[in-house]
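Residues per chain, in single letters:
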Amino acid sequence: MPERVETPASLSRTITRDQGLVWHPYAPLDGPAPYAVRAASGVRLTLEDERGTIHEVVDAMASWWCAVHGYRHPTLDAAAHAQIDRFSHVMFGGLTHDPAVDLAERLVAMAPGPMAHVFFADSGSVSVEVALKLALQFQSAAGRPARQRFLTVRGGYHGDTFAAMSVCDPVDGMHSAFPGVLARHSFAPRPPSARLVVHDGEQHWEYDEVELAVWRDAVWETARLQRDELAAVIVEPVLQGAGGMHVYPPECLRALREIADEFDLLLILDEIATGFGRTGRLFAAEWADTRPDIICVGKALTGGYLSLAAVLTTADVGAVITASDFRALLHGPTFMANPLACSIANASLALLEKRWQHDVSRVASALDDGLQPARALASVSDVRTIGAVGVIQLHGPVDVTAVTRAAIERRVWVRPFRDLVYTMPPYVSTSDDVATICNGLVGAVREVHG
Ligand SMILES: *Cc1c(COP(=O)(O)O)cnc(C)c1O
(Lines give C-alpha, C1' and ligand atoms only; values in the text may rest on other atoms or scores of the structure.)
Protein backbone atom coordinates (compact mmCIF):
# COMPACT_ATOMS: atom_id res chain seq x y z
CA MET A 1 0.00 0.00 0.00
CA PRO A 2 1.45 3.37 -0.90
CA GLU A 3 1.71 5.70 2.01
CA ARG A 4 -1.25 8.04 2.15
CA VAL A 5 -0.16 11.62 1.63
CA GLU A 6 -2.26 14.08 3.54
CA THR A 7 -3.10 17.17 1.55
CA PRO A 8 -2.40 20.22 3.69
CA ALA A 9 -5.62 22.14 4.21
CA SER A 10 -3.98 25.19 2.66
CA LEU A 11 -3.69 23.52 -0.76
CA SER A 12 -6.57 23.96 -3.17
CA ARG A 13 -8.74 20.83 -2.99
CA THR A 14 -10.23 21.50 -6.41
CA ILE A 15 -6.83 21.56 -8.05
CA THR A 16 -5.43 18.50 -6.30
CA ARG A 17 -8.60 16.52 -7.14
CA ASP A 18 -8.44 17.73 -10.77
CA GLN A 19 -4.85 16.69 -11.38
CA GLY A 20 -4.44 13.34 -13.08
CA LEU A 21 -8.23 12.93 -13.30
CA VAL A 22 -9.45 15.46 -15.85
CA TRP A 23 -7.88 16.24 -19.19
CA HIS A 24 -7.45 19.90 -20.09
CA PRO A 25 -7.13 21.22 -23.67
CA TYR A 26 -3.97 19.92 -25.33
CA ALA A 27 -2.40 19.33 -21.88
CA PRO A 28 -0.86 16.20 -20.37
CA LEU A 29 -2.55 14.62 -17.32
CA ASP A 30 0.54 15.40 -15.26
CA GLY A 31 0.99 18.90 -16.68
CA PRO A 32 1.24 22.18 -14.72
CA ALA A 33 -1.55 22.74 -12.18
CA PRO A 34 -4.54 24.72 -13.46
CA TYR A 35 -6.05 27.59 -11.45
CA ALA A 36 -9.49 27.13 -9.88
CA VAL A 37 -12.15 29.71 -10.70
CA ARG A 38 -14.01 30.76 -7.55
CA ALA A 39 -16.11 33.54 -9.06
CA ALA A 40 -16.54 35.50 -12.28
CA SER A 41 -18.21 38.88 -12.64
CA GLY A 42 -17.91 41.62 -15.24
CA VAL A 43 -14.40 41.39 -16.71
CA ARG A 44 -12.96 39.82 -13.55
CA LEU A 45 -12.19 36.26 -12.52
CA THR A 46 -11.43 35.21 -8.96
CA LEU A 47 -8.76 32.51 -9.16
CA GLU A 48 -7.34 30.22 -6.54
CA ASP A 49 -3.84 28.89 -7.12
CA GLU A 50 -2.37 25.55 -5.99
CA ARG A 51 -1.39 26.97 -2.62
CA GLY A 52 -4.88 28.24 -1.92
CA THR A 53 -4.01 31.90 -2.56
CA ILE A 54 -6.80 33.96 -4.11
CA HIS A 55 -6.13 36.33 -7.05
CA GLU A 56 -8.59 38.73 -8.58
CA VAL A 57 -7.65 39.22 -12.23
CA VAL A 58 -8.93 40.92 -15.38
CA ASP A 59 -9.72 38.31 -18.03
CA ALA A 60 -7.58 39.19 -21.06
CA MET A 61 -8.90 36.15 -22.93
CA ALA A 62 -12.69 36.67 -22.66
CA SER A 63 -12.76 32.90 -22.08
CA TRP A 64 -11.28 32.07 -25.47
CA TRP A 65 -12.82 35.07 -27.21
CA CYS A 66 -16.42 34.30 -26.23
CA ALA A 67 -17.37 36.38 -23.16
CA VAL A 68 -17.70 39.67 -25.02
CA HIS A 69 -20.14 41.15 -22.47
CA GLY A 70 -18.22 39.86 -19.45
CA TYR A 71 -19.46 37.41 -16.81
CA ARG A 72 -22.86 37.42 -15.08
CA HIS A 73 -24.25 40.10 -17.31
CA PRO A 74 -27.71 40.97 -15.91
CA THR A 75 -29.39 40.90 -19.35
CA LEU A 76 -27.94 37.53 -20.29
CA ASP A 77 -28.62 36.09 -16.83
CA ALA A 78 -32.24 37.24 -17.12
CA ALA A 79 -32.61 35.68 -20.59
CA ALA A 80 -31.24 32.38 -19.24
CA HIS A 81 -33.57 32.40 -16.22
CA ALA A 82 -36.61 33.29 -18.34
CA GLN A 83 -35.97 30.44 -20.79
CA ILE A 84 -35.27 27.92 -17.99
CA ASP A 85 -38.70 28.79 -16.62
CA ARG A 86 -40.23 27.90 -20.01
CA PHE A 87 -38.15 24.92 -21.19
CA SER A 88 -34.41 24.33 -21.39
CA HIS A 89 -34.32 21.90 -24.25
CA VAL A 90 -36.50 20.14 -26.78
CA MET A 91 -35.47 18.10 -29.81
CA PHE A 92 -35.42 20.01 -33.11
CA GLY A 93 -36.60 17.14 -35.32
CA GLY A 94 -40.18 18.00 -36.25
CA LEU A 95 -40.34 20.72 -33.56
CA THR A 96 -39.46 24.40 -33.53
CA HIS A 97 -39.51 27.32 -31.06
CA ASP A 98 -39.27 31.10 -30.96
CA PRO A 99 -35.70 31.29 -29.61
CA ALA A 100 -34.39 29.43 -32.69
CA VAL A 101 -36.52 31.28 -35.24
CA ASP A 102 -35.74 34.67 -33.68
CA LEU A 103 -32.04 33.88 -33.73
CA ALA A 104 -32.10 32.63 -37.32
CA GLU A 105 -33.86 35.83 -38.45
CA ARG A 106 -31.38 37.93 -36.55
CA LEU A 107 -28.34 36.13 -37.97
CA VAL A 108 -29.60 36.31 -41.54
CA ALA A 109 -30.21 40.05 -41.13
CA MET A 110 -26.77 40.72 -39.58
CA ALA A 111 -24.58 38.53 -41.76
CA PRO A 112 -22.56 39.78 -44.72
CA GLY A 113 -23.95 38.92 -48.15
CA PRO A 114 -27.47 37.76 -48.87
CA MET A 115 -27.77 34.85 -46.42
CA ALA A 116 -31.09 33.01 -46.45
CA HIS A 117 -30.75 29.78 -44.43
CA VAL A 118 -29.39 28.79 -41.01
CA PHE A 119 -28.26 25.45 -39.60
CA PHE A 120 -27.65 25.41 -35.84
CA ALA A 121 -24.75 23.32 -34.57
CA ASP A 122 -23.55 22.72 -31.03
CA SER A 123 -19.95 23.89 -31.38
CA GLY A 124 -17.69 25.71 -33.79
CA SER A 125 -15.98 22.53 -34.97
CA VAL A 126 -19.32 20.89 -35.71
CA SER A 127 -20.42 23.94 -37.70
CA VAL A 128 -17.27 23.56 -39.81
CA GLU A 129 -18.12 19.88 -40.36
CA VAL A 130 -21.59 20.94 -41.48
CA ALA A 131 -20.24 23.67 -43.77
CA LEU A 132 -17.90 21.16 -45.45
CA LYS A 133 -20.73 18.63 -45.85
CA LEU A 134 -22.94 21.33 -47.30
CA ALA A 135 -20.29 22.19 -49.90
CA LEU A 136 -19.85 18.52 -50.86
CA GLN A 137 -23.60 17.96 -51.13
CA PHE A 138 -23.90 21.15 -53.19
CA GLN A 139 -21.25 20.09 -55.70
CA SER A 140 -22.67 16.62 -56.02
CA ALA A 141 -26.20 17.96 -56.53
CA ALA A 142 -24.84 20.43 -59.09
CA GLY A 143 -23.56 17.50 -61.16
CA ARG A 144 -19.93 17.66 -59.97
CA PRO A 145 -19.69 14.67 -57.62
CA ALA A 146 -15.94 14.26 -58.17
CA ARG A 147 -15.27 17.52 -56.35
CA GLN A 148 -14.47 16.21 -52.90
CA ARG A 149 -11.48 18.19 -51.71
CA PHE A 150 -11.08 21.61 -50.16
CA LEU A 151 -8.70 24.43 -50.92
CA THR A 152 -7.39 26.38 -47.95
CA VAL A 153 -4.27 28.26 -46.85
CA ARG A 154 -1.48 27.39 -44.47
CA GLY A 155 -1.71 28.71 -40.93
CA GLY A 156 -5.46 28.17 -40.57
CA TYR A 157 -7.45 26.80 -37.65
CA HIS A 158 -10.99 25.45 -38.03
CA GLY A 159 -11.53 23.15 -35.06
CA ASP A 160 -10.60 19.78 -33.61
CA THR A 161 -13.02 17.26 -35.13
CA PHE A 162 -11.60 15.24 -38.03
CA ALA A 163 -12.90 17.10 -41.07
CA ALA A 164 -12.25 20.46 -39.40
CA MET A 165 -8.72 19.30 -38.46
CA SER A 166 -8.06 18.21 -42.02
CA VAL A 167 -8.28 21.86 -43.15
CA CYS A 168 -6.19 23.20 -40.23
CA ASP A 169 -2.53 23.93 -40.87
CA PRO A 170 -0.94 20.48 -41.39
CA VAL A 171 2.00 21.18 -39.06
CA ASP A 172 0.35 23.21 -36.27
CA GLY A 173 -2.74 21.02 -36.56
CA MET A 174 -0.54 17.98 -35.83
CA HIS A 175 -1.74 16.02 -38.85
CA SER A 176 1.17 13.66 -38.27
CA ALA A 177 -0.61 12.27 -35.16
CA PHE A 178 -3.47 10.91 -37.31
CA PRO A 179 -1.84 10.00 -40.61
CA GLY A 180 -4.32 7.35 -41.76
CA VAL A 181 -7.54 9.19 -41.03
CA LEU A 182 -7.25 12.76 -42.20
CA ALA A 183 -8.35 13.59 -45.70
CA ARG A 184 -5.68 15.27 -47.82
CA HIS A 185 -6.76 18.70 -48.89
CA SER A 186 -5.02 21.38 -50.87
CA PHE A 187 -2.94 23.97 -49.00
CA ALA A 188 -1.99 27.24 -50.66
CA PRO A 189 0.64 29.44 -48.98
CA ARG A 190 -0.34 31.53 -45.97
CA PRO A 191 -1.51 34.97 -47.14
CA PRO A 192 1.06 37.77 -46.68
CA SER A 193 0.89 39.79 -43.48
CA ALA A 194 -0.82 43.15 -43.28
CA ARG A 195 -1.14 45.94 -40.78
CA LEU A 196 -4.15 48.14 -40.16
CA VAL A 197 -2.85 51.64 -39.47
CA VAL A 198 -4.69 54.81 -38.56
CA HIS A 199 -3.58 57.88 -40.48
CA ASP A 200 -5.31 61.26 -40.05
CA GLY A 201 -8.22 59.44 -38.43
CA GLU A 202 -8.58 57.12 -41.45
CA GLN A 203 -7.81 53.41 -41.39
CA HIS A 204 -5.43 52.06 -44.04
CA TRP A 205 -4.14 48.59 -44.81
CA GLU A 206 -0.40 48.32 -45.27
CA TYR A 207 1.05 45.31 -47.02
CA ASP A 208 3.51 44.35 -49.72
CA GLU A 209 1.78 44.48 -53.14
CA VAL A 210 4.33 42.14 -54.69
CA GLU A 211 3.87 39.51 -52.00
CA LEU A 212 0.13 39.78 -52.49
CA ALA A 213 0.41 39.31 -56.26
CA VAL A 214 2.70 36.29 -55.83
CA TRP A 215 0.27 34.77 -53.32
CA ARG A 216 -2.75 35.39 -55.55
CA ASP A 217 -1.04 33.76 -58.54
CA ALA A 218 -0.07 30.73 -56.44
CA VAL A 219 -3.64 30.19 -55.19
CA TRP A 220 -5.07 30.76 -58.65
CA GLU A 221 -2.68 28.21 -60.16
CA THR A 222 -3.47 25.60 -57.49
CA ALA A 223 -7.20 26.08 -58.07
CA ARG A 224 -6.77 25.88 -61.84
CA LEU A 225 -4.78 22.64 -61.71
CA GLN A 226 -7.13 20.97 -59.21
CA ARG A 227 -10.44 22.47 -60.27
CA ASP A 228 -12.07 19.13 -61.05
CA GLU A 229 -11.39 17.87 -57.52
CA LEU A 230 -12.14 20.99 -55.49
CA ALA A 231 -15.51 21.66 -53.85
CA ALA A 232 -14.86 24.85 -51.88
CA VAL A 233 -12.36 27.28 -50.44
CA ILE A 234 -12.37 27.63 -46.65
CA VAL A 235 -10.52 30.37 -44.74
CA GLU A 236 -10.75 32.55 -41.64
CA PRO A 237 -11.27 36.05 -43.05
CA VAL A 238 -8.52 38.67 -42.41
CA LEU A 239 -7.39 37.24 -39.05
CA GLN A 240 -6.09 33.69 -38.64
CA GLY A 241 -6.68 33.09 -34.93
CA ALA A 242 -5.47 29.93 -33.20
CA GLY A 243 -3.17 29.30 -36.19
CA GLY A 244 -0.96 32.24 -35.15
CA MET A 245 -2.95 35.50 -34.75
CA HIS A 246 -1.92 36.41 -38.29
CA VAL A 247 -3.49 39.48 -39.92
CA TYR A 248 -3.66 39.46 -43.73
CA PRO A 249 -4.89 41.92 -46.39
CA PRO A 250 -8.66 41.98 -47.08
CA GLU A 251 -7.60 42.06 -50.75
CA CYS A 252 -6.89 38.31 -50.36
CA LEU A 253 -10.61 37.71 -49.74
CA ARG A 254 -11.44 39.52 -52.98
CA ALA A 255 -8.95 37.29 -54.76
CA LEU A 256 -10.47 34.16 -53.21
CA ARG A 257 -13.96 35.26 -54.29
CA GLU A 258 -12.70 35.68 -57.88
CA ILE A 259 -10.96 32.31 -57.79
CA ALA A 260 -14.07 30.63 -56.40
CA ASP A 261 -16.22 32.18 -59.14
CA GLU A 262 -13.77 31.28 -61.89
CA PHE A 263 -13.52 27.61 -60.89
CA ASP A 264 -17.07 26.98 -59.55
CA LEU A 265 -16.01 26.64 -55.93
CA LEU A 266 -18.04 27.73 -52.93
CA LEU A 267 -16.40 30.26 -50.60
CA ILE A 268 -16.71 29.28 -46.94
CA LEU A 269 -15.73 31.95 -44.40
CA ASP A 270 -15.04 30.68 -40.89
CA GLU A 271 -16.07 33.72 -38.80
CA ILE A 272 -16.15 31.73 -35.54
CA ALA A 273 -13.36 33.88 -34.06
CA THR A 274 -13.76 37.05 -36.13
CA GLY A 275 -17.55 37.39 -36.12
CA PHE A 276 -19.57 39.82 -33.99
CA GLY A 277 -17.22 42.77 -34.10
CA ARG A 278 -13.90 41.38 -32.89
CA THR A 279 -11.79 42.77 -35.77
CA GLY A 280 -13.54 46.15 -35.86
CA ARG A 281 -16.15 45.14 -38.45
CA LEU A 282 -19.29 43.24 -37.47
CA PHE A 283 -17.96 40.39 -39.64
CA ALA A 284 -14.40 40.34 -40.96
CA ALA A 285 -15.77 39.62 -44.47
CA GLU A 286 -16.91 43.26 -44.47
CA TRP A 287 -13.31 44.50 -44.63
CA ALA A 288 -13.45 43.47 -48.29
CA ASP A 289 -17.22 43.52 -48.91
CA THR A 290 -16.89 39.81 -49.61
CA ARG A 291 -20.01 37.82 -50.41
CA PRO A 292 -19.38 34.34 -49.01
CA ASP A 293 -21.52 31.36 -49.97
CA ILE A 294 -21.31 29.85 -46.49
CA ILE A 295 -20.43 31.41 -43.12
CA CYS A 296 -19.71 29.68 -39.80
CA VAL A 297 -20.27 31.58 -36.54
CA GLY A 298 -19.78 30.46 -32.95
CA LYS A 299 -17.66 31.56 -29.98
CA ALA A 300 -19.15 35.00 -29.06
CA LEU A 301 -22.61 34.00 -30.33
CA THR A 302 -23.98 33.36 -26.82
CA GLY A 303 -21.71 35.90 -25.15
CA GLY A 304 -19.77 32.94 -23.79
CA TYR A 305 -22.66 31.44 -21.80
CA LEU A 306 -23.26 28.20 -23.70
CA SER A 307 -21.87 26.30 -26.65
CA LEU A 308 -23.70 27.21 -29.84
CA ALA A 309 -22.68 27.74 -33.46
CA ALA A 310 -24.43 28.26 -36.76
CA VAL A 311 -23.87 27.76 -40.47
CA LEU A 312 -25.43 30.33 -42.78
CA THR A 313 -25.83 30.00 -46.51
CA THR A 314 -27.43 31.66 -49.51
CA ALA A 315 -30.76 31.01 -51.23
CA ASP A 316 -28.87 29.64 -54.25
CA VAL A 317 -27.06 26.99 -52.21
CA GLY A 318 -30.25 26.18 -50.31
CA ALA A 319 -32.18 25.71 -53.55
CA VAL A 320 -29.60 23.27 -54.93
CA ILE A 321 -29.75 21.17 -51.73
CA THR A 322 -33.56 21.11 -51.77
CA ALA A 323 -33.58 20.01 -55.41
CA SER A 324 -31.02 17.23 -54.78
CA ASP A 325 -31.80 13.53 -54.30
CA PHE A 326 -31.32 13.78 -50.54
CA ARG A 327 -33.28 17.08 -50.33
CA ALA A 328 -31.88 17.73 -46.84
CA LEU A 329 -28.57 18.85 -45.35
CA LEU A 330 -27.41 15.57 -43.86
CA HIS A 331 -26.75 16.46 -40.25
CA GLY A 332 -28.81 16.70 -37.04
CA PRO A 333 -27.20 17.03 -33.62
CA THR A 334 -29.14 15.98 -30.50
CA PHE A 335 -28.83 19.45 -29.01
CA MET A 336 -29.51 21.28 -32.29
CA ALA A 337 -30.87 24.82 -31.70
CA ASN A 338 -30.91 24.34 -27.93
CA PRO A 339 -33.55 26.86 -26.74
CA LEU A 340 -31.55 28.02 -23.72
CA ALA A 341 -28.48 28.75 -25.86
CA CYS A 342 -30.62 30.43 -28.56
CA SER A 343 -32.38 32.66 -25.99
CA ILE A 344 -29.09 33.80 -24.53
CA ALA A 345 -27.72 34.37 -28.03
CA ASN A 346 -30.72 36.56 -28.88
CA ALA A 347 -30.14 38.64 -25.76
CA SER A 348 -26.39 38.78 -26.43
CA LEU A 349 -26.79 39.91 -30.05
CA ALA A 350 -29.38 42.54 -29.07
CA LEU A 351 -26.86 43.97 -26.59
CA LEU A 352 -24.07 43.71 -29.12
CA GLU A 353 -25.98 45.58 -31.83
CA LYS A 354 -26.45 48.54 -29.52
CA ARG A 355 -22.87 48.96 -28.44
CA TRP A 356 -20.24 46.87 -30.21
CA GLN A 357 -18.83 49.66 -32.39
CA HIS A 358 -18.36 52.03 -29.52
CA ASP A 359 -16.93 49.33 -27.25
CA VAL A 360 -14.61 47.76 -29.80
CA SER A 361 -13.15 51.11 -30.85
CA ARG A 362 -12.51 52.05 -27.21
CA VAL A 363 -10.78 48.70 -26.56
CA ALA A 364 -8.87 48.98 -29.85
CA SER A 365 -7.36 52.38 -29.08
CA ALA A 366 -6.51 51.36 -25.51
CA LEU A 367 -4.72 48.27 -26.89
CA ASP A 368 -2.83 50.36 -29.45
CA ASP A 369 -1.54 52.63 -26.71
CA GLY A 370 -1.03 50.04 -24.01
CA LEU A 371 0.99 47.54 -26.05
CA GLN A 372 3.43 50.14 -27.44
CA PRO A 373 6.05 49.55 -24.67
CA ALA A 374 6.32 45.90 -25.77
CA ARG A 375 8.02 47.06 -28.99
CA ALA A 376 11.10 48.05 -26.99
CA LEU A 377 11.63 44.57 -25.47
CA ALA A 378 14.52 42.47 -26.75
CA SER A 379 12.44 39.27 -26.67
CA VAL A 380 9.67 40.75 -28.83
CA SER A 381 9.64 40.34 -32.61
CA ASP A 382 6.31 42.02 -33.41
CA VAL A 383 3.40 43.84 -31.81
CA ARG A 384 0.12 44.06 -33.74
CA THR A 385 -3.50 44.94 -33.12
CA ILE A 386 -6.69 44.69 -35.10
CA GLY A 387 -9.96 45.76 -33.50
CA ALA A 388 -10.22 44.28 -30.01
CA VAL A 389 -7.26 41.94 -30.59
CA GLY A 390 -3.76 42.69 -29.33
CA VAL A 391 -0.76 40.48 -30.03
CA ILE A 392 2.81 40.41 -28.71
CA GLN A 393 4.92 37.98 -30.71
CA LEU A 394 8.25 36.80 -29.29
CA HIS A 395 11.37 35.59 -31.10
CA GLY A 396 10.88 32.12 -29.60
CA PRO A 397 8.38 29.97 -27.70
CA VAL A 398 6.70 31.51 -24.64
CA ASP A 399 7.31 29.98 -21.21
CA VAL A 400 3.55 29.62 -20.73
CA THR A 401 3.58 28.71 -17.03
CA ALA A 402 5.98 31.50 -16.06
CA VAL A 403 4.28 34.20 -18.16
CA THR A 404 0.84 33.15 -16.89
CA ARG A 405 2.05 33.38 -13.28
CA ALA A 406 3.82 36.71 -13.83
CA ALA A 407 0.64 38.13 -15.41
CA ILE A 408 -1.51 36.91 -12.51
CA GLU A 409 0.81 38.75 -10.14
CA ARG A 410 -0.08 41.82 -12.21
CA ARG A 411 -3.81 40.99 -11.88
CA VAL A 412 -4.31 39.66 -15.41
CA TRP A 413 -5.42 36.27 -16.73
CA VAL A 414 -3.69 35.39 -20.00
CA ARG A 415 -3.11 32.11 -21.80
CA PRO A 416 -0.21 32.41 -24.27
CA PHE A 417 0.52 29.82 -26.96
CA ARG A 418 3.57 29.09 -29.12
CA ASP A 419 5.43 32.41 -29.52
CA LEU A 420 2.37 34.56 -28.81
CA VAL A 421 1.16 36.49 -25.77
CA TYR A 422 -2.13 37.98 -26.92
CA THR A 423 -5.36 39.43 -25.61
CA MET A 424 -8.96 39.50 -26.83
CA PRO A 425 -10.59 41.42 -23.97
CA PRO A 426 -14.33 41.44 -23.26
CA TYR A 427 -15.89 44.36 -25.19
CA VAL A 428 -17.17 45.80 -21.91
CA SER A 429 -13.59 46.36 -20.67
CA THR A 430 -12.98 49.99 -19.71
CA SER A 431 -9.87 51.79 -20.88
CA ASP A 432 -8.49 51.21 -17.37
CA ASP A 433 -9.17 47.47 -17.62
CA VAL A 434 -7.36 47.37 -20.97
CA ALA A 435 -4.46 49.36 -19.47
CA THR A 436 -4.27 46.77 -16.66
CA ILE A 437 -4.22 43.99 -19.28
CA CYS A 438 -1.50 45.68 -21.36
CA ASN A 439 0.68 46.46 -18.35
CA GLY A 440 0.24 42.88 -17.18
CA LEU A 441 1.18 41.39 -20.55
CA VAL A 442 4.13 43.68 -21.19
CA GLY A 443 5.36 43.36 -17.58
CA ALA A 444 5.10 39.56 -17.63
CA VAL A 445 6.94 39.28 -20.95
CA ARG A 446 9.67 41.63 -19.69
CA GLU A 447 10.07 39.72 -16.44
CA VAL A 448 10.19 36.24 -17.99
CA HIS A 449 11.76 36.80 -21.40
CA GLY A 450 13.49 40.18 -21.17
C1 LIG B 1 -12.48 28.18 -31.98
C2 LIG B 1 -12.57 28.03 -33.47
C3 LIG B 1 -13.18 26.91 -34.07
C4 LIG B 1 -13.68 25.73 -33.26
O5 LIG B 1 -14.74 26.05 -32.42
P6 LIG B 1 -15.09 25.07 -31.17
O7 LIG B 1 -16.31 25.69 -30.59
O8 LIG B 1 -13.90 25.09 -30.28
O9 LIG B 1 -15.34 23.72 -31.73
C10 LIG B 1 -13.27 26.88 -35.44
N11 LIG B 1 -12.80 27.89 -36.21
C12 LIG B 1 -12.22 28.99 -35.67
C13 LIG B 1 -11.75 30.07 -36.56
C14 LIG B 1 -12.07 29.09 -34.29
O15 LIG B 1 -11.46 30.15 -33.76
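Note that the structure is predicted; figures quoted are calculated from it, not measured.

### Some details on the site of the ligand
Link 1 in the chain: As a matter of local geometry, the ligand sits amid Trp65, Ser123, Gly124, Ser125, Tyr157, His158, Gly159, Glu236, Asp270, Ile272, Ala273 and Lys299.
Link 2 in the chain: The separation between an oxygen atom of the ligand and a polar side-chain atom of Lys299 is 2.6 Å.
Link 3 in the chain: Burial of the ligand by the protein chains amounts to 82% of its free accessible area of 380 Å².
Link 4 in the chain: Looking at side-chain class alone, the shell around the ligand contains four nonpolar, five polar and three charged residues.

### Considering the sheet that holds strand E18 (residues 420–423)
Link 1 in the chain: Reading across the sheet, the three strands line up as E15-E16-E18 and stay open at both edges, with antiparallel pairing between neighbours. A single partner strand is all that each edge strand has here, and the edge strands are strand E15 (380–386) and E18. Across this sheet, the average inter-strand angle for adjacent strands is 10 degrees, counted without regard to direction.
Link 2 in the chain: Where E15 meets strand E16 (residues 389–394), six bridges bridge the pair, whose relative direction is antiparallel. The residue bridging Val383 from the neighbouring strand is Ile392, located in E16.
Link 3 in the chain: Along the sheet, helix H12 (residues 431–449) contacts E15, E16 and E18; its crossing angle with E18, the most-contacted strand, is approximately 170 degrees.

### What about helix H5 (residues 124–141)?
Link 1 in the chain: Spanning 18 residues, H5 covers 25 Å between terminal C-alpha atoms, matching the ideal 26 Å at 1.5 Å per step.
Link 2 in the chain: Counting buried positions over the 18 residues of H5 gives 14, a clear majority of the element.
Link 3 in the chain: Immediately beyond the C-terminal end of H5, within one or two residues, lies Gly143, with a positive phi of roughly 85 degrees.

### Let's talk about the domain arrangement of the chain
Link 1 in the chain: Domain parsing of the chain yields domain 1 (13–64 + 355–449) and domain 2 (75–353).
Link 2 in the chain: Each of domain 1 and domain 2 has a C-alpha centre, and these two points are 27 Å apart.
Link 3 in the chain: Listed as interface residues are 22 residues of domain 1 and, on the opposing side, 27 residues of domain 2.
Link 4 in the chain: The largest per-residue losses of area from domain 1 upon contact with domain 2 belong to Trp356, Ile386 and Tyr427, which jointly make up 36% of the total buried on that side.
Link 5 in the chain: For the pair domain 1 and domain 2, the interface holds two salt bridges.

### Some words on the pairing of strand E13 (residues 294–297)
Link 1 in the chain: Residues of E13 alternate between two faces, with Ile294 and Cys296 on one and Ile295 and Val297 on the opposite face, all of them buried.
Link 2 in the chain: By the bridge criterion, three bridges tie strand E12 (residues 266–270) to E13 in an arrangement that is parallel. Within the sheet, the bridge partner assigned to Ile268 lies in E13 and is Ile294.
Link 3 in the chain: Where E13 and strand E14 (residues 309–314) come together, four bridges link them in antiparallel fashion.

Rules behind the numbers
- Residues numbered from 1 in each chain as written.
- Predicted model: local features only at pLDDT ≥ 70, side-chain atom pairs only at ≥ 80, totals over all residues.
- Heavy atoms only, no water.
- Near = heavy atom within 4 Å.
- Polar contact = N/O pair within 3.5 Å; in protein donor to acceptor, adjacent residues only side chain to side chain.
- Areas by Shrake-Rupley, 256 points an atom, 1.4 Å probe, with all protein chains shown as cover.
- Nonpolar A, V, L, I, M, F, W, Y, C, P; charged D, E, K, R; others polar.
- Pairing = 2+ DSSP bridges.
- Helix = DSSP H or I, 4+ residues; strand = E, 2+ residues; numbered from the N terminus.
- Axes fitted to C-alpha atoms, helices over the stretch in contact; angles between N-to-C directions.
- Contact = heavy atoms within 4.5 Å.
- Expected span 1.5 Å × (residues − 1).
- Buried < 20%, exposed > 50% of the residue type's maximum accessible area, 1.4 Å probe, protein only.
- Domains from an automatic or database assignment.
- Buried area = accessible area lost by both parts, 1.4 Å probe.
- Salt bridge = Lys/Arg side-chain N within 4 Å of Asp/Glu carboxyl O.

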